[in-house]
Amino acid sequence: MKRPLFGALLLSVALVPAARAQKSDSSQIYAISAMLSGTFEGATPGNHLRLNLSSVTLEPGHPYDLFLSVTGTFEKENINQRGVIRLETQGKDIYFTYIPHFNPTVTALSQDAGRFTERELSSACSFVLNPKGDGFAGNTLGSATCALAMRGAVGKWSLETEPGMVRVRNVDSGETLRWKKTEK
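Residues numbered from 1 in each chain as written. Predicted model: local features only at pLDDT ≥ 70, side-chain atom pairs only at ≥ 80, totals over all residues. Heavy atoms only, no water.

All right, on to the overall build of the chain then. Scanning the chain from terminus to terminus reveals three helices and 10 strands. Taken from N to C terminus, the helices and strands of the chain fall in the order α-α-β-β-β-β-β-α-β-β-β-β-β. The buried share of the chain, taken over its 184 residues, is 48%. Put simply, 54% of the contacts in the chain that link residues at least 6 apart link residues at least 24 apart. As displayed, the chain offers around 8600 Å² of accessible surface, 50% of which is attributable to carbon and sulfur atoms. (Helix = DSSP H or I, 4+ residues; strand = E, 2+ residues; numbered from the N terminus. Buried < 20%, exposed > 50% of the residue type's maximum accessible area, 1.4 Å probe, protein only. Contact = heavy atoms within 4.5 Å. Areas by Shrake-Rupley, 256 points an atom, 1.4 Å probe, with all protein chains shown as cover.)

To continue, consider the pattern of salt bridges. As enumerated under the stated definition, the model contains four salt bridges in all. Notably, a salt bridge pairs R86 with E59, separated by 3.6 Å at the nearest N-O pair. Placement of R86 in strand 4 (residues 77-90) and of E59 in the loop between strand 2 (47-55) and strand 3 (66-74) is noted, with a sequence separation of 27 residues between them. By relative accessible area, R86 is classed as buried at 16%. By relative accessible area, which is 37% here, E59 ends up partly exposed. Where R115 meets D112, a salt bridge forms, and the shortest distance between an N and an O atom there is 2.9 Å. Assessed through its relative accessible area of 37%, D112 is described here as partly exposed. Three or more residues are tied together by salt bridges with common partners; here these are E59, D65 and R86. (Salt bridge = Lys/Arg side-chain N within 4 Å of Asp/Glu carboxyl O.)

Turning our attention to the confidence of the model for the chain. Mean pLDDT over the chain: 81, with 84% of residues reaching 70 or higher. Note on residues 1-23: pLDDT under 50 across the span, and 105 contacts to partners over four residues away in sequence or across chains. (pLDDT = per-residue confidence, 0-100.)

Further remarks concern the packing of aromatic side chains. Using the criterion set out here, one finds one aromatic pair in the structure. Look at F96 and F127: their rings are 4.8 Å apart centre to centre, the planes differ by 45°, and that puts the pair in the tilted class. Of this pair, F96 sits in strand 5 (residues 93-101) while F127 is found in strand 6 (residues 125-132), placing the two residues 31 residues apart along the sequence. Residue placement shows R119 over the ring face of F102; its charged tip is 4.4 Å from the ring centre. (Phe/Tyr/Trp six-rings, centres within 6.5 Å; stacked < 30°, edge-to-face > 60°. Lys NZ or Arg CZ within 6 Å of the ring centre and 35° of its normal.)

A few words now on unusual backbone geometry. Here the phi dihedral of E75 falls at roughly 45°; this positive angle occurs in a residue that is not glycine. Among the secondary structure elements, E75 is positioned in the loop between strand 3 and strand 4. For K76, which is not a glycine, the phi torsion comes out positive at approximately 70°. According to the relative accessible area criterion, K76 is exposed, its value standing at 83%.

This part takes up the side chain of H101. Positionally, H101 belongs in strand 5. Separated by 2.8 Å, the side chain of H101 and the backbone oxygen of A113 make a polar contact. Among all residues touching H101, those that are not within four sequence positions of it are F67, R82, G83, V84, V106, D112, A113, R115, F116 and E120. (Polar contact = N/O pair within 3.5 Å; in protein donor to acceptor, adjacent residues only side chain to side chain.)

Take the nonpolar core next. The biggest cluster of nonpolar side chains holds 31 residues, and the ones touching the most others in it are I85 and L87. Among the elements that take part in this core, strand 3 stands out by supplying four residues, more than any other. The contacts of L87, once residues within four sequence positions are left out, are I29, I32, S33, L36, Y64, D65, L66, I94, Y95 and F96. F67, V84, I99 and A113 belong to the second-largest nonpolar core, a separate cluster that totals seven residues. (Core = buried A, V, L, I, M, F, W, Y, C linked by side-chain atoms within 4.5 Å.)

Here you go:
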């Protein structure tokens, strides 16, 4: 179960609380992007992963793109992954797409931050987040839809947020990972 839980952590970054900013589509997506920006630390046993999210301008038409870097250990396995998160409005919901960078040397400041290989693009993972309580919730679409983008994310994952915390749960096993925001 190590790999499925780790893979789900990348999905979790989409769910930092932002429901308070639902005045309009543009303020809602701005609030989610702003709240996702920062550093998150693993808060469950065995989860010593740090999620760093920073704003990255890849295209003028997508001002809410974020660069994700995941580093640390998860149950004694060293992890170093990165990619780009694209947030787009879809009515009152948010359409979330994660595009992995399989080259671990790419950073948010790299010239290649917005360039992807064919394999990276075909491995992208997308799903819809719906407002729920003080945050958002969403589910992956199937058992293997995000497995390439997010190493080991096999199965259906339930994602929820509360202010300052992200929670990811495997629907079949019930195993859960949590992260707490530590910096802005």
